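So you can see what is in the structure, the chains are spelled out below.
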Amino acid sequence: MNEKRRNLLKGAALLGAMPVAMKFSPLSDLVGLSASELGTGLVKNGEVVTAAHWGMLKVTVKDGVIVKSEPLQKTSEISNPLQNFTADMVYKSRIKYPMVRKSYLANPDSPKPELRGRDEWVRVSYEDVIKLVARELKKTRKQKGNQSVFAGSYGWKSSGNVHNSRILLHRFMNLSGGFVGSLGDYSTGASQVIMPHVVGSIEVYEQQTSWPVVLENSKVVVIWGANPISTLRIAWTSTDEQGFKYFEELKKSNIEVIVIDPVRTQTVQYFDKARWIAPRPNTDTAMMLGMCHYLYTSGKYDKNFIETYTSGFDKFVPYLLGKTDGTPKNLEWASKICDLPAKLIKELADKFMDNRTMLMSGWGMQRAHHGEQAHWTMVTLAAMLGQIGLPGGGFGLSYHYSNGGAPTCKGGVIGGINSSSVGNFDEQGNFIGTAFGEFDSHGQFIGKAAKGAAGTGQSWLQKATKYAFPVARIADALLNPGKVIDHNGKKITYPDIDFIYWVGGNPLVHHQDINTLVKAWRKPRTIVVNDPYWTPTAKMADIVFPTTTQYERNDITMTGDYSNMNIVPMKQVVAKFAEARDDYQIFSDLCKAYADKLVLAYTENGKTEFDWIKEYYDAAYAQVSSTPDLVTDMKPFEEFWAENKPVNFASTPESDAWVRFGEFREDPILNAIGTPSGLIEIYSETIAAMKYDDCKAHPMWFEPIEWLGMKNKPAEFHMLSPHPTDRLHSQLSNTALRDRYAVADREPVWINTKDAKKKGIKNGDLVRVYNARGEVLAGAVVSDDIKEGVVKLDEGAWYDPDASGLCKNGCPNVLTIDIPTSKLANGNISHTALVNIEKFKGKAPELTAFKDPKFA
């Protein structure tokens, strides 16, 4: 089966890499229906199919206004309320017109950046704002070079392969000269760097052992630091919701489910018979090391697997036994750190060893100080259990995200617009040569169809520029130009950023230690933001372009980041709001203003959104048509678009039976993994050569900078800030969904019943959560569903400061720490933070997070 699976994947890779047959000619000469012939008429009364990160949607329109949205199809008993608030996404908190900050408009050369977030805004015509941005971008490059322009724009841009705002921005920046980008992401910053050293692949965004295999073979499923019943509501493209279906089947099965988490999450509550184990936050590594020590000293570990499939275990054992530091990592040692009984840790180790066990880890444990160690130790534990590569055994880092483990379907894959085009201008200002094409003698752009940049995977991880620094170090970079940092064996020098262009993200919510970020954000001369909404980031810009939501334009996407189950038409649902424009339109117009003929390269001779959509669909249709024996309902584009229905693809017996690392287990020599040794590296010579003091050559316990087990704690409670249940990070924060969870009209903070009693806090009270870094207001939820000494304040609440810096809306990143996980990965440590909490006294300040800023 694994041999068949390997051949299937090779075939799929070849199909995905095939150049798209394209005809670069005037639009009127296109074969088949042109964009104009397709028609763009909106449905004034009726139903429209589209898609979002939270699934395929059926949207009802009456008199041109959205009145209802609901799931297009239902796959399980688990509901997804994110699908019901499309109208609010179109009509609430919108930016109506292009706006420029008053002081910037008065004098762009000396724009008083210290007034960002406080200044008034002035409405300016779209044409004038286009000219202003082009002029100031040119000026910045002339004065300080391309390395002074930052276009990282990390974030969950809206679904759709054409209107990918981040790719569109990078395409413009590359064509017009170049820019500084970013490395990695906030979600998996530590693991995506450490895992290639350990198992030869990024792992966190890769397919898992298929769910049918797990359900048939696993005896124990451990959900460790994950909340899939919440996080499977979303996907990077659009969720296929298969994960819900499989977790529903898991609930009905005889498989024992164990959830390890300081919070009794929605997932624990969903599994009636699940066992909930609540360790002290940030101690997962110590807990696993205690298990490893017990398995080794008792002789219960799988010695054959260690000798056959791993490298460096013998160099790890002295640390495990305490010979290198005098501290054996035994059960008693782990118990004191984790605040769990030693006999419980032993019991779990025995259970994992004696039963086919799948360790399903979340990403929260690696968003912590020294976060690299958690998943490295989990791999080491799984190796000692000896079940990696066996059906239903081993570990998986993506079952909680985008429906990992849903079998991959066989069918066509939609490509996407490319960001990596690079070129130059001649002395006359004409554009000459790019990485994807050039101009012919008639001035027409001749392209090479290098598509696929936005088709699959995390587009923020795709290299779009040679200048970059770790994404979670943005504040540090802005405040310290010229500073040299270590990163994964290399040295990186921070550039002097003077121009920021941000799209598709909300850094003034998602970055750690926001008060420090605000200081950094007020340093560059120019900040431009494209956004549909008056987010905290838009309010802290100099120039704002109002952009369309995905419901105000046409696009196309797939569902299932791993399954590729559907191709979905994303039809425009309603007319564009006020003066909102598509990012594609904005960057095309910036190209016109920046340099003659640049727009021809950007649009490949004037392609519209329909031209791109049709091109990507036709390429996928050609893949399917040339694949023998493929059964599908895929039709020619004109029929597909007219029918307004998704295309469905089916999994195969090979993908249903796929086991991660199965080929490696069959033959570790012929199927070596991508590490230097070709084996699982428990000890990494590569990392050893880096000589970092905060990430050694094998997994270790490092004491976090702040944790409940430390002496002289700077604050009393450990604050966790996990992904919210009723939002996608900060998306949907401005919808009526908020009415479901807000407490005292603020973000809810969970506190244990006993802790609340000691503090005199009652359910529903307005409370102040604070530490040396900042303070926020939140609404108390008193509960036994959280470990004593721990509070939970979900990330994603829109930052809403008053004059003193108090966030009135409860954004936890006002309180988090902005230091890196280690010199290896430089990931964020959002789950490492201690806070105090008390009942708020005085009159509650007005919430202004979702209101317009001041206009001149």
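This report concerns the structure included in the present document.

Rules behind the numbers
Residues numbered from 1 in each chain as written. Predicted model: local features only at pLDDT ≥ 70, side-chain atom pairs only at ≥ 80, totals over all residues. Heavy atoms only, no water. Pairing = 2+ DSSP bridges. Helix = DSSP H or I, 4+ residues; strand = E, 2+ residues; numbered from the N terminus. Salt bridge = Lys/Arg side-chain N within 4 Å of Asp/Glu carboxyl O. Buried < 20%, exposed > 50% of the residue type's maximum accessible area, 1.4 Å probe, protein only. Core = buried A, V, L, I, M, F, W, Y, C linked by side-chain atoms within 4.5 Å. Contact = heavy atoms within 4.5 Å. 1 Å grid on protein atoms, 1.4 Å probe; cavity = no way out; pocket = protein on both sides within 12 Å on 5 of 7 lines; lining within 4 Å. Points joined across faces, edges and corners; volume = space filled by probe spheres on them. Nonpolar A, V, L, I, M, F, W, Y, C, P; charged D, E, K, R; others polar. Domains from an automatic or database assignment. Polar contact = N/O pair within 3.5 Å; in protein donor to acceptor, adjacent residues only side chain to side chain. Expected span 1.5 Å × (residues − 1). Axes fitted to C-alpha atoms, helices over the stretch in contact; angles between N-to-C directions. Parallel < 35°, antiparallel > 145°, perpendicular 65-115°, else oblique.

### Examining the sheet that holds strand S25 (residues 555–559)
Consideration 1: The strand order S25-S26-S27 describes an open sheet built from three strands, whose pairing is antiparallel. Two strands bound the open sheet, and with one partner strand each, they are S25 and strand S27 (647–648).
Consideration 2: Summarising the sheet, S25 and strand S26 (residues 566–570) pair through five bridges and their orientation is antiparallel. Among the inter-strand pairings, Thr559 is bridged to a residue of S26, identified as Asn566.

### What to know about the pattern of salt bridges
Consideration 1: Enumeration over the complete set of coordinates arrives at 56 salt bridges.
Consideration 2: Where Asp325 meets Lys329, a salt bridge forms, and the shortest distance between an N and an O atom there is 3.0 Å.
Consideration 3: With a relative accessible area of 2%, Lys329 lands in the buried category.
Consideration 4: The closest approach of N and O atoms between Glu604 and Lys607, which form a salt bridge, is 3.0 Å. In this pair, the class of Glu604 matches that of Lys607, namely buried.
Consideration 5: Sharing partners across several salt bridges, the network here consists of Asp109, Arg135, Glu136, Lys139, Lys144, Asp496, Asp498 and Arg525.

### A closer look at the nonpolar core
Consideration 1: In terms of nonpolar packing, the biggest core is built from 166 residues, with Trp54, Trp224 and Phe395 touching the most fellow members.
Consideration 2: Trp54 has contacts with Asn80, Leu82, Gln83, Met89, Arg233, Ile234, Thr239, Glu241, Tyr551, Leu728, Gln731 and Leu732, leaving out every residue within four places of it along the chain.
Consideration 3: Counting 58 residues, the second largest nonpolar core, distinct from the first, contains Val162, Leu590, Cys591 and Tyr616.

### Some details on the environment of Gly362
Consideration 1: By the secondary structure assignment, Gly362 is in the loop between strand S12 (357–361) and helix H17 (372–385).
Consideration 2: For Gly362, a relative accessible area of 0% corresponds to the buried category.
Consideration 3: Sequence separation between Gly362 and Gly225 is 137 residues; the distance between their C-alpha atoms is 5.0 Å.
Consideration 4: The residues touching Gly362, leaving out its near neighbours within four places in the chain, are Trp224, Gly225, Ala226, His375 and His400.

### Side note on the layout of surface pockets
Consideration 1: Looking at the second largest pocket, its volume works out to about 710 Å³.
Consideration 2: When residues of the lining of the second largest pocket are traced back to their parent elements, those giving at least two are helix H20 (514–521) and helix H21 (536–539).
Consideration 3: Residue contributions to the lining of the second largest pocket peak at three residues, all from H20.
Consideration 4: Considered class by class, the residues forming the lining of the second largest pocket number nine nonpolar, five polar and 11 charged.
Consideration 5: When residues of the lining of the second largest pocket are assigned to domains, at least three map to each of domain 1 (99–184 + 411–450 + 460–650) and domain 3 (717–839).

### Considering empty space enclosed by the protein
It is a probe the size of a water molecule, rolled over the atoms, that shows where empty space is left.
Consideration 1: Summed over the entire model, instances satisfying the criterion amount to seven cavities of 30 Å³ or more.
Consideration 2: Approximately 110 Å³ is the volume found for the second largest cavity.
Consideration 3: Asn282, Thr285, Met365, His369 and His370 are the residues nearest the centre of the second largest cavity, which is lined by 15 residues in total.
Consideration 4: When residues of the lining of the second largest cavity are traced back to their parent elements, those giving at least two are helix H12 (284–297) and H17.

### Some details on unusual backbone geometry
Consideration 1: Phi angles above zero are rare outside glycine, and Asn488 is one such case at about 50 degrees.
Consideration 2: Inspection of the secondary structure assignment puts Asn488 in the loop between strand S20 (484–487) and strand S21 (490–493).
Consideration 3: A positive phi angle, close to 75 degrees, is found at Leu732, a residue other than glycine.
Consideration 4: On the accessibility criterion, Leu732 (1% relative accessible area) is buried.

### Things to note about the pairing of strand S1 (residues 46–52)
Consideration 1: The buried fraction of S1 is high, at five of seven residues.
Consideration 2: Of the pairings in the sheet, the one linking S1 to strand S2 (residues 55–62) comprises seven bridges and is antiparallel in character. From the neighbouring strand, Ala51 faces S2, where its bridge partner is Met56.

### Some points on the side chain of Asn554
Consideration 1: In this structure, Asn554 sits in the loop between strand S24 (543–546) and S25.
Consideration 2: A distance of 2.9 Å separates polar atoms of two side chains, one belonging to Asn554 and the other to Glu609.

### Observations regarding helix H16 (residues 342–354)
Every α-helix carries 3.6 residues per turn, so stepping three or four residues along brings you back to the same face.
Consideration 1: The terminal C-alpha atoms of H16, which comprises 13 residues, lie 18 Å apart, in line with the 18 Å expected from a rise of 1.5 Å per residue.
Consideration 2: By the burial criterion, the buried members of H16 are Ala342, Leu344, Ile345, Leu348, Ala349, Asp350, Lys351, Phe352 and Met353.

### Let's talk about the sheet that holds strand S3 (residues 65–71)
Consideration 1: An order of S1-S2-S3 is seen for the three strands of this open sheet, with the pairing classed as antiparallel. The open sheet has two edge strands, S1 and S3, and neither has a second partner. Across this sheet, the average inter-strand angle for adjacent strands is 30 degrees, counted without regard to direction.

### Focus on the packing of H12 against helix H14 (residues 313–321)
Consideration 1: Remark: H12 packs on H14, axes separated minimally by 10 Å, with the N-to-C direction vectors making an angle of 105 degrees. It follows that H12 is roughly perpendicular to H14 by the angle criterion. Listed contacts from H14 to Leu289, Cys292, His293, Tyr296 and Thr297 of H12 are Phe313, Phe316, Val317, Tyr319, Leu320 and Leu321.
Consideration 2: Classifying every residue of the contact of H12 with H14 by side-chain character gives nine nonpolar, two polar and no charged.

By themselves, these observations are geometric and do not establish any function.
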